[in-house]
Amino acid sequence: MSGILGNRPPSVSSVTFQKWEVTTTKSHILQSSCRCEKVEGKCGFCIFQQELPDLPDRPEMTFDRNTLSLRHVESGCCVTFNTLEALRLVDAHHDTVKVAYAAEWQAKRKGLEHITNTPKPFDWTFSTRYVGTTRDADRHAWYCERTTDQPDREKLLARDTIKFHDEVVLFEDELADNGSSKLILKCRIMPEFILVLLRFYLRVDKVMMRIQETRLYTELTWDYVLRDVTLREAGCHALQHFPPAILRDENVISSRIPVVENYQEKLMIVERKK
């Protein structure tokens with residue numbers, strides 16, 4: 001069955017609304033060993049081994065071919081999201097949870113033998129600050145600056161018909177039944193705007209929680225994108241009054257833990273200098 005899955009082409013959905021095109025790609029999880037003899041060129045396993053040589057491990061469910069792209073049709077500039085670029089930002093040399101939550105980690109570590117016995121320390125929670133990848137075109141490029149501009153709240157709250165929506169999983173890991181680490185994309189196209197949400201959700205039971213949400217917002221007639229990045233984090237003492245069901249529901253808990261960082265950016269398309 002794994003050989004069949006390895007040769008199955010990914011499922012691609014693409015829609016264009018006025019100035020913008022959204023494309024999602026979905027496929028099976030990354031194989032656990034080399035499959036080069038069954039594919040043309042290098043297999044996904046070998047590509048990840050080559051591109052992430054210092055990362056000792058990967059998430060249990062790594063969707064190496066899952067992607068989402070938001071492309072400006074006229075210029076060709078796009079913002080893409082993919083698993084490889086997200087994992088490049090994982091700390092391959094330091095156990096960041098052990099450093100930041102030393103006391104809680106020591107109390108928990110007896111249940112994490114697979115981590116404490118790792119010959120090389122690394123961020124086994126696969127925490128990533130990934131906010132997407134901007135790709136320029138032949139004649140145009142992205143120009144990014146900080147901004148105070150905000151999406152139109154009335155449009156966001158309006159109960160209009162959803163023209164298109166999709167969800168794409170980049171990776172998931174249950175941390176050996178000691179929590180959850182996942183990176184998931186959601187996209188919604190409404191009559192007047194496009195909203196993309198990239199959410200990294202981390203829960204280490206009895207230790208900490210971390211959530212980073214990156215939102216891309218553009219209106220169908222705009223030639224630019226607003227990006228909002230919010231990082232939230234809390235230790236176990238700040239979380240103990242929440243019921244377990246709430247802690248496990250990232251859609252609910254994401255707005256209930258403290259914000260440690262927030263910033264907004266404006267991604268504008270400019271002509272390349274000749």
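These numbers come from a predicted model, not from an experiment. (Residues numbered from 1 in each chain as written. Predicted model: local features only at pLDDT ≥ 70, side-chain atom pairs only at ≥ 80, totals over all residues. Heavy atoms only, no water.)

**A short note on the overall build of the protein**
Then step 1. On a plain count of helices and strands, the protein comes out with 10 helices and 13 strands.
Then step 2. Among the 274 residues that make up the protein, the fraction classed as buried is 50%.
Then step 3. When contacts within the protein are restricted to residue pairs at least 6 apart in sequence, those whose partners lie at least 24 apart make up 68%.
Then step 4. Total accessible area on the protein stands at roughly 14,300 Å², and carbon and sulfur atoms take up 50% of it. (Helix = DSSP H or I, 4+ residues; strand = E, 2+ residues; numbered from the N terminus. Buried < 20%, exposed > 50% of the residue type's maximum accessible area, 1.4 Å probe, protein only. Contact = heavy atoms within 4.5 Å. Areas by Shrake-Rupley, 256 points an atom, 1.4 Å probe, with all protein chains shown as cover.)

**Considerations on the pattern of salt bridges**
Then step 1. Inspection of every chain in the model, using the stated rule, returns 16 salt bridges.
Then step 2. For Asp223, the salt bridge goes to Lys19, with nearest N and O atoms at 3.0 Å. You can see Asp223 sitting in the loop between β11 (208-219) and β12 (224-235) and its partner Lys19 sitting in the loop between β1 (11-17) and β2 (20-26), a full 204 residues away along the chain.
Then step 3. For Lys26, the salt bridge is made with Asp166, and the minimal N-O distance between the two is 2.6 Å. Pair noted here: Lys26 is in strand β2 and Asp166 is in strand β8 (residues 164-173), with a separation of 140 residues, a long-range link.
Then step 4. Residue Lys26 is classed as partly exposed on the basis of its relative accessible area of 32%.
Then step 5. What makes Asp166 buried here is its relative accessible area of 16%.
Then step 6. Here the salt bridges do not stand alone but share partners, grouping Glu51, Glu85 and Arg88 into one network. (Salt bridge = Lys/Arg side-chain N within 4 Å of Asp/Glu carboxyl O.)

**So, the pairing of strand β13 (residues 259-271)**
Then step 1. As paired strands, strand β7 (residues 140-146) and β13 are joined by 7 bridges and run antiparallel to one another. By the bridge assignment, Tyr143 is partnered in β13 with Met268.
Then step 2. One ladder, built from 9 bridges, connects β12 with β13; its direction is antiparallel. The residue of β13 that forms the bridge with Val229 is Tyr263. (Pairing = 2+ DSSP bridges.)

**Quick look at the sheet that holds strand β9 (residues 179-189)**
Then step 1. Read from one edge to the other, the open sheet built from 8 strands follows the order β3-β8-β9-β10-β11-β12-β13-β7, with strand pairing classed as antiparallel. Sheet topology places β3 (61-62) and β7 at the edges, where each strand pairs with a single neighbour.
Then step 2. Judged from the 10 bridges that link them, β11 and β12 form a sheet pairing that is antiparallel. Bridge pairing in β12 places Arg215 opposite Asp228.

**Describing the side chain of Thr23**
Then step 1. Checked against the element boundaries, Thr23 lands in strand β2.
Then step 2. Thr23 gets classed as buried once you look at its relative accessible area, which sits at 15%.
Then step 3. At 3.0 Å, the side chain of Thr23 and the side chain of Ser14 are in polar contact.
Then step 4. Residues within four places of Thr23 in sequence aside, it is in contact with Val12, Ser13, Ser14, Thr67, Leu68 and Ser69. (Polar contact = N/O pair within 3.5 Å; in protein donor to acceptor, adjacent residues only side chain to side chain.)

**Focus: the sheet that holds strand β6 (residues 133-135)**
Then step 1. With respect to topology, 5 strands assemble into an open sheet ordered β1-β2-β4-β5-β6, the strand pairing being antiparallel. With partners counted over all chains shown, the strands left at the sheet margins are β1 and β6, one partner each. Sheet twist, expressed as the average angle between the axes of neighbouring strands with direction ignored, equals 15 degrees.
Then step 2. Pairing of strand β5 (residues 78-82) with β6, which is carried by 3 bridges, proceeds in the antiparallel orientation. Paired with Thr80 across the bridge in β6 is Thr133. (Axes fitted to C-alpha atoms, helices over the stretch in contact; angles between N-to-C directions.)

Take it as geometry only, folks, not as evidence of what the structure does.
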